[in-house]
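If you want the building blocks of each chain, they are given just below.
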There are 2 protein chains.
Amino acid sequence: MVNVAVLGYGTVGSGVVEVIERNNVEVSGKCGEEVHVKYILDLREFPGDPYEDKVVHDFQVILEDREVSVVCEVMGGIKFAYPYTKQLLEAGKSVCTSNKELVAKHGAELLDIAEKNHCSYLFEASVGGGIPIIRTINHAMTPERIEAVAGILNGTTNYILTKMEQEGTDYAQALKQAQDLGYAERNPQADVEGHDACRKTAILASLMTGRNVDSEKIFTEGITEITTADFAFAKGANMTIKLLGTARLQEDGSVLAMVAPHMIAENHSLAMVNGVFNGIFVTGNMLGDIMLYGHGAGKLPTASAVTADVVDCVRNQGKTLPCHWEQAECRLADVLLTSKRFFVRVKAQGCGAIEEAFPGSERLEVPGMEEKGYFTPVMTEKEFEEKYSALSEFVLGRIRVM
Amino acid sequence: MVNVAVLGYGTVGSGVVEVIERNNVEVSGKCGEEVHVKYILDLREFPGDPYEDKVVHDFQVILEDREVSVVCEVMGGIKFAYPYTKQLLEAGKSVCTSNKELVAKHGAELLDIAEKNHCSYLFEASVGGGIPIIRTINHAMTPERIEAVAGILNGTTNYILTKMEQEGTDYAQALKQAQDLGYAERNPQADVEGHDACRKTAILASLMTGRNVDSEKIFTEGITEITTADFAFAKGANMTIKLLGTARLQEDGSVLAMVAPHMIAENHSLAMVNGVFNGIFVTGNMLGDIMLYGHGAGKLPTASAVTADVVDCVRNQGKTLPCHWEQAECRLADVLLTSKRFFVRVKAQGCGAIEEAFPGSERLEVPGMEEKGYFTPVMTEKEFEEKYSALSEFVLGRIRVM
C-alpha cells in the first residue's frame, strides 16, 4: 500500500482526493498496489466532509511519517510550498504539483534536490491542466531537438477572447462573465496581464532547452488592450486573435520567448482552440509539429494530471524520473531584434501617415467602421515600435501577426 | 554504451538509423549513455550506403549477440516479424516496433512474454505515427477510466478525402495522386478498405479496456463508396466526411468499436485534421476530452516514435514498462443495435419513398444537383439497413453522421 498526502484542500486538492478515491480501481491497478490518501494538510477544518478525518494542520506530521512516500503539493504560491517541497524531497518523498509559480521559479533546483535524494519532482499539471504536455516533452520527444513550442496556455484569457470573437462582447463584459463563472479570479491580473501564461512558457522553454528560462525575463504582454474592433478586422482578414506563449530556438542557440496576443489565420489549428481549452504545438526537428488539446484547467482535469504523476512516482519508487532542466541559465534572444508583421488599427485621418511610415502595408476596411486597419510588411519589433510610437496621435492599437 | 539492432532497412528502418545518428546528442543524452546502431538486418545489400557495414542477413547474429539489448522491428508483416520478436523477447532483449499488424494480432501475447523476461515490448509508432498516443494512454491517463477513443488514424485515406473535399477531385483521381506522391501503395486496399485504421482501432481499444480486442471482429467500412456528390451535400450542411476509427465503452462493459466514414460538423476538431495528418480524441471520466494531432505517418516522424521507445527501454533496462493489455478477449457490442443518424443520397424520383421510409428526415438540396440528400432521425443500424436495402432502386449512398 502507498500512502499519499495532499497539501492544500482547495479546488485542485479536493479534486486529487476525488480522483484517487473515485477511480481507485484504475489508480491502484495501474500502480500495482493500493493507493490511499492518508493526510490532507489545510489550515481550515472541513466538518461534514467525507475525508475530514484525514485533515491535519501540522506539516511536520506528514514530513515525519515514514509511511508517506508521495505528496501532492496543490496549495499554490511560494511562501509555504517552496520550503515544504524542499523538505519533502530531502526526506526522499516524491512531490507532484500543479504549482506553476513554484515550478517556474525553483523547478531546476527542486529537480536537483529530488535527484540527490532518489525521488521525483513531477509537475504535469503545472502547464496545460489535463493535457500531457510535460510527459510529451520529457518522455515522448526524447529523440528530438525541440525547435519550438507555441500554445494557448491560459484558459481564462482564451475564454474572454472567445466571447469577444463569437459574441461581440467587449473586454470588460467578457471578463465579468468569466469572473461570474469562476473562470477568472476577482483580481484577474495574473491571467489578463499574461503572467500565468508567462510562467507556463518559462517551464516549457526550460524543458525544451534543458536550461533554466527565467520567467521574469520573458517579454510579456496581456490582452487588456484588445478590443471588439480588433476582432472585426481580424474576421475581415479570415483571422482571429489568441494569446500565445511561444519559445523558439534561434540559430545562435538562444531562445526567443514571449507571451503576447497574436492574430492567427482562422484555419490554423490553434484558432480552433476556444473557451477555457488549451492547445499546445511542439515542433521537433525529426517529428515536425504535434499539437495537444484539452482542458487547460478545472478541478478534475488538473487533479487527474497530478494523480498521473502520483502513479509514475509509485511505479518508479527509489528512482528519479528523468527531466532535463539544469540550473544554468538559458540565453534569451532580444525580442526587439526579431521580425514579423504587425496589424495596426488607426483613425481614418491617420491613413496617410501610416502608409508613409509603413510603405507596402496592406489596408483593411470593415464595412460601417470608420477606423481602418493595416498589416505592415515584415519588420523588426524595434523598427516597428519606433515608427509606431511616433504616430501616437493616429493609432488605436497594434497586434503581432503570426 | 547501448547497442541497438534494426530489423528491416526500408523507409522506417532507415529513418530509425537516421534519427539515432543525426540526433545522437539528444538520444544518447536522454538515455544517459551512448546509443549506437550495431546491426541492420535486411535481405538486400546496400552498396554505397553510409551504414552498409552494419547490414547483416542472418537474424541469428543479432539474436545471439549479448551486446544487443534493444531491437527495432520495423520490417512489417507477421511471417518473420512474429517469430523474431518472440525469440528476441525470450532472450531478454526489448523490442520497439511500428508494426501495427503484428501488434494488433499478437500484442497481448508479446507483452506477456516481455514481462516474463524482464524486458519491454513497445509500439508507440504502430498508431498515429509520430503522435504519442500510446504513451498518453499508458502513462498519462493512468488515473482515468477511458470511455472512448475516436480518431483519424490513416493518413492515406485522409489525404484522399481532403483532396475530394477541397479540390473536388473524384475518388479515383485522388487515389492516383496519393499513389503518385507515395502516400498510397500500388495495392491500396489495406488503406482504402479501412483495414489499417481497423488494426489501429483494435490496438487503441485494447489499451483502453486492458483486454484484447480482435481486429477481425471490428465492423469496418472503407472510403471507396464516397463520392464528390457526398462532399457537396456535406458542405451544404456545414459538415465534412472523415474516416473514423472509434471505440466506446458501453454501459454493460462491452466496447462498441467500428471503422467507417462519418459526416462530422466542420467546426469539430477532427474536421480540421487534413491531408496526411492524424488526429485522435481520447475521453477519460475525469479528464474529459483530449486531442492529439500530428504526422500520422512518414519516415522521420514514425522513426522518431520508434526511437523514443528505444530511449524508454534504455532508461528502464532490466524491467518491463507497464502496459495493461491482457490476452482475455474484450466483449464487443453489436454495431447493428447502436443508434445514430444517417445521411442518404437519393435519385430525385426517390424522395417520396425516402420520406415515407424515414419519417422526420431532413432534406438537403445542392443547387444545380438533381439528386437529393436526407438526414434521417436517430435510429438503430439494424432498422436503418432494413429500410435502406428495400430502397435500392432509389438510393445512391449513405454515410453515418457523428
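Reference entry: report on the structure contained in this document. (Residues numbered from 1 in each chain as written. Chains lettered and ligands numbered in written order. Predicted model: local features only at pLDDT ≥ 70, side-chain atom pairs only at ≥ 80, totals over all residues. Heavy atoms only, no water.)

The two chain copies are related to each other by a rotation about an axis together with a translation along it. Between chain B and chain A, which share one sequence, the superposing operator has a rotation angle of 180 degrees and an axial displacement of 0.0 Å; the RMSD is 0.0 Å. Both chain copies can therefore be described as sitting about a two-fold axis. Identified as the residue of chain B closest to the rotation axis by C-alpha distance is Leu292(B), at 2.3 Å. Take the interface residues of chain B: 100% of them recur as interface residues in chain A, which is what a same-surface contact looks like. (Least-squares fit on C-alpha atoms with pLDDT ≥ 70 in both. Contact = heavy atoms within 4.5 Å.)

Going through the model one piece at a time under the given rule, you end up with 6 cavities of 30 Å³ or more. Computed from the structure, the largest cavity encloses a volume of approximately 270 Å³. Those elements giving two or more residues to the lining of the largest cavity turn out to be helix H6 (133-140) and helix H12 (299-315) of chain A together with helix H6 (133-140) and helix H12 (299-315) of chain B. For the lining of the largest cavity, a count of residues per class yields 8 nonpolar, 6 polar and 8 charged. (1 Å grid on protein atoms, 1.4 Å probe; cavity = no way out; pocket = protein on both sides within 12 Å on 5 of 7 lines; lining within 4 Å. Points joined across faces, edges and corners; volume = space filled by probe spheres on them. Helix = DSSP H or I, 4+ residues; strand = E, 2+ residues; numbered from the N terminus. Nonpolar A, V, L, I, M, F, W, Y, C, P; charged D, E, K, R; others polar.)

Residue and element names in this part refer to chain A. Axis separation between helix H1 (residues 11-22) and H12 bottoms out at 8 Å; the angle between their running directions is 65 degrees. Looking at the two axes, H1 sits roughly perpendicular to H12. Crossing of H1 over H12 shows right-handed handedness. Contact residues: Thr11, Val12, Ser14, Gly15, Val16, Glu18, Val19, Ile20 and Arg22 in H1; Lys299, Leu300, Thr302, Ala303, Ser304, Val306 and Thr307 in H12. Its residues assigned to classes, the contact of H1 with H12 shows 7 nonpolar, 6 polar and 3 charged. (Axes fitted to C-alpha atoms, helices over the stretch in contact; angles between N-to-C directions. Parallel < 35°, antiparallel > 145°, perpendicular 65-115°, else oblique. Left-handed = near helix turned anticlockwise from the far one by under 90°.)

Turning next to the sheet that holds strand S5 (residues 94-97) of chain A. All names here are of chain A. The strand order across the open sheet built from 6 strands is S3-S2-S1-S4-S5-S6, with neighbouring strands paired in parallel fashion. Whereas interior strands pair on both sides, the edge strands pair on one side only; in this sheet they are strand S3 (55-56) and strand S6 (121-122). In this structure, strand S1 (residues 2-7) lies alongside strand S4 (residues 68-73), joined through 5 bridges in parallel fashion. Its bridge partner being in S4, Asn3 is matched across the sheet by Val68. (Pairing = 2+ DSSP bridges.)

Here the focus is the interface of chain B and chain A. Bring the parts together and some accessible area is lost; that lost area is often taken as the interface size. Contacts between chain B and chain A engage 45 residues on the former and 45 residues on the latter. Buried surface at the junction of chain B and chain A, summed over both partners, amounts to about 3,800 Å²; 56% is from carbon and sulfur atoms. Scanning the region where chain B abuts chain A turns up 0 salt bridges. At the boundary of chain B with chain A, the tally comes to 20 residue pairs in polar contact (both at pLDDT 80 or more). Every element with two or more residues in the side of chain B that touches chain A is listed here: helix H1 (11-22), helix H2 (24-31), H6, strand S12 (288-295) and H12 of chain B. Its residues placed into classes, the side of chain B that touches chain A shows 19 nonpolar, 16 polar and 10 charged. Bridge analysis of strand S12 (residues 288-295) of chain A against S12(B) gives 5 bridges, and the strand direction is antiparallel. Looking across to S12(B), one finds that Ile290(A) is bridged to Gly294(B). (Buried area = accessible area lost by both parts, 1.4 Å probe. Salt bridge = Lys/Arg side-chain N within 4 Å of Asp/Glu carboxyl O. Polar contact = N/O pair within 3.5 Å; in protein donor to acceptor, adjacent residues only side chain to side chain.)

For the rest of this paragraph, the subject is H6(A). The buried fraction of H6(A) amounts to 8 of the 8 residues, a majority that puts the element mostly inside the structure. Those residues of H6(A) not exposed but buried are Ile133(A), Ile134(A), Arg135(A), Thr136(A), Ile137(A), Asn138(A), His139(A) and Ala140(A). (Buried < 20%, exposed > 50% of the residue type's maximum accessible area, 1.4 Å probe, protein only.)

A word on the sheet that holds strand S6 (residues 121-122) of chain B. All names here are of chain B. On the basis of which strands lie adjacent, the open sheet formed by 6 strands has the order S3-S2-S1-S4-S5-S6 and parallel pairing. Here the strands that pair on one side only, and so sit at the sheet edges, are strand S3 (55-56) and S6. Note: strand S1 (residues 2-7) against strand S2 (residues 35-41), 6 bridges, orientation parallel. Directly across from Asn3, in S2, lies its bridge partner His36. Where H1 meets the sheet, its contacts fall on S1, S2 and strand S4 (68-73), and the angle it forms with S2 comes to roughly 160 degrees. Docked against the sheet, H12 engages S1, S4, strand S5 (94-97) and S6, running at close to 160 degrees with respect to S5.

Turning next to the side chain of Thr169(B). All names here are of chain B. Relative to the assigned elements, Thr169 resides in the loop between helix H7 (155-167) and helix H8 (171-180). There is a polar contact of 3.5 Å between the side chain of Thr169 and the backbone oxygen of Lys163. Look past the residues within four positions of Thr169 in its chain and what remains in contact with it is Lys163, Met164, Ala174, Gln177 and Thr228.

Let us look at the environment of Gly253(B). Inspection of the secondary structure assignment puts Gly253(B) in the loop between strand S9 (239-249) and strand S10 (255-265). Between the C-alpha atoms of Gly253(B) and Arg186(B), which are 67 residues apart in sequence, the distance is 40 Å.

The next point concerns the pattern of salt bridges. Tallied over the full model, the rule gives 62 salt bridges over all chains. Asp196(A) is the partner of Lys100(A) in a salt bridge, and the nearest nitrogen-oxygen pair spans 3.4 Å. Of this pair, Lys100(A) sits in helix H5 (residues 100-116) while Asp196(A) is found in helix H10 (residues 195-209), placing the two residues 96 residues apart along the sequence. On the accessibility criterion, Asp196(A) (5% relative accessible area) is buried. The salt bridge involving Arg341(B) is made with Glu362(B); its shortest N-O contact spans 3.3 Å. A residue pair is termed long-range when its members are at least 10 positions apart, and Arg341(B) in strand S13 (residues 339-346) and Glu362(B) in strand S14 (residues 362-364) qualify at 21 residues. With a relative accessible area of 28%, Arg341(B) lands in the partly exposed category. We classify Glu362(B) as partly exposed; its relative accessible area is 44%. Each of the salt bridges in this network shares a partner with another, and the network as a whole consists of Glu221(A), Lys340(A), Glu381(A), Glu385(A), Arg398(A) and Arg400(A).

On to unusual backbone geometry, then. In this structure, His118(A) takes a positive phi of about 55 degrees despite not being glycine. Positionally, His118(A) belongs in the loop between H5 and S6.

When two helices pack together, their arrangement is captured by the angle between the axes and the distance separating the axes. Two elements in contact, H12(A) and H6(B), have axes separated by 10 Å at closest approach and are oriented at 80 degrees. The orientation of H12(A) with respect to H6(B), classified from their angle, is roughly perpendicular. Along the contact surface, H12(A) presents Ala308(A), Asp312(A) and Arg315(A), while H6(B) presents Asn138(B), His139(B) and Ala140(B). The residue makeup of the contact of H12(A) with H6(B), split by class, is 2 nonpolar, 2 polar and 2 charged.

For the rest of this paragraph, the subject is the side chain of Lys200(A). Residues and elements named next belong to chain A. With respect to the secondary-structure elements, Lys200 resides in helix H10. Exposure remark for Lys200: the relative accessible area of 5% places this residue in the buried category. When neighbours within four sequence positions are excluded, Lys200 is seen to be in contact with Lys100, Ser126, Val127, Leu153 and Asn154.

Let us look at the nonpolar core. Counting residues in hydrophobic clusters, the biggest one holds 167 residues, and the most contacted among them are Ile62(A), Tyr121(A), Phe123(A), Ile62(B) and Tyr121(B). When sequence neighbours within four positions are dropped, the list of residues in contact with Phe123(A) reads Thr97(A), Val103(A), Leu111(A), Ile134(A), Ile203(A), Leu207(A), Asp309(A), Cys323(A) and Trp325(A). (Core = buried A, V, L, I, M, F, W, Y, C linked by side-chain atoms within 4.5 Å.)

In an α-helix, one turn spans 3.6 residues, which is why side chains three or four residues apart end up on the same side. All names here are of chain A. Taken residue by residue, helix H8 (residues 171-180) has Tyr171, Ala174, Leu175, Ala178 and Gln179 as its buried positions. Buried residues of H8, viewed axially, fall in a sector of 140 degrees; they line one side. Capping of H8 at its N-terminal end is provided by Asp170; its side-chain oxygen lies 3.3 Å from the backbone amide nitrogen of Ala172. Directly beyond the C-terminal end of H8, a positive phi value near 80 degrees is found at Gly182. (Arc of directions from axis to C-beta.)

All names here are of chain A. Residues Ser94 and Cys96 line one face of S5 and the alternating positions Val95 and Thr97 line the opposite face, and both faces are buried. Two strands pair when backbone bridges link them, and S4 and S5 are joined in this way by 4 bridges, in the parallel orientation. By the bridge assignment for S5, Glu73 is matched with Thr97. The handedness of the S4 to S5 crossover, carried by helix H4 (residues 81-90), is right-handed. One ladder, built from 2 bridges, connects S5 with S6; its direction is parallel. Bridge assignment links Cys96 to a residue of S6, and that residue is Leu122. Following the backbone out of S5, through H5 and into the adjacent parallel S6, one traces a crossover that is right-handed. (Right-handed = clockwise from strand over helix to strand, strands pointing away.)

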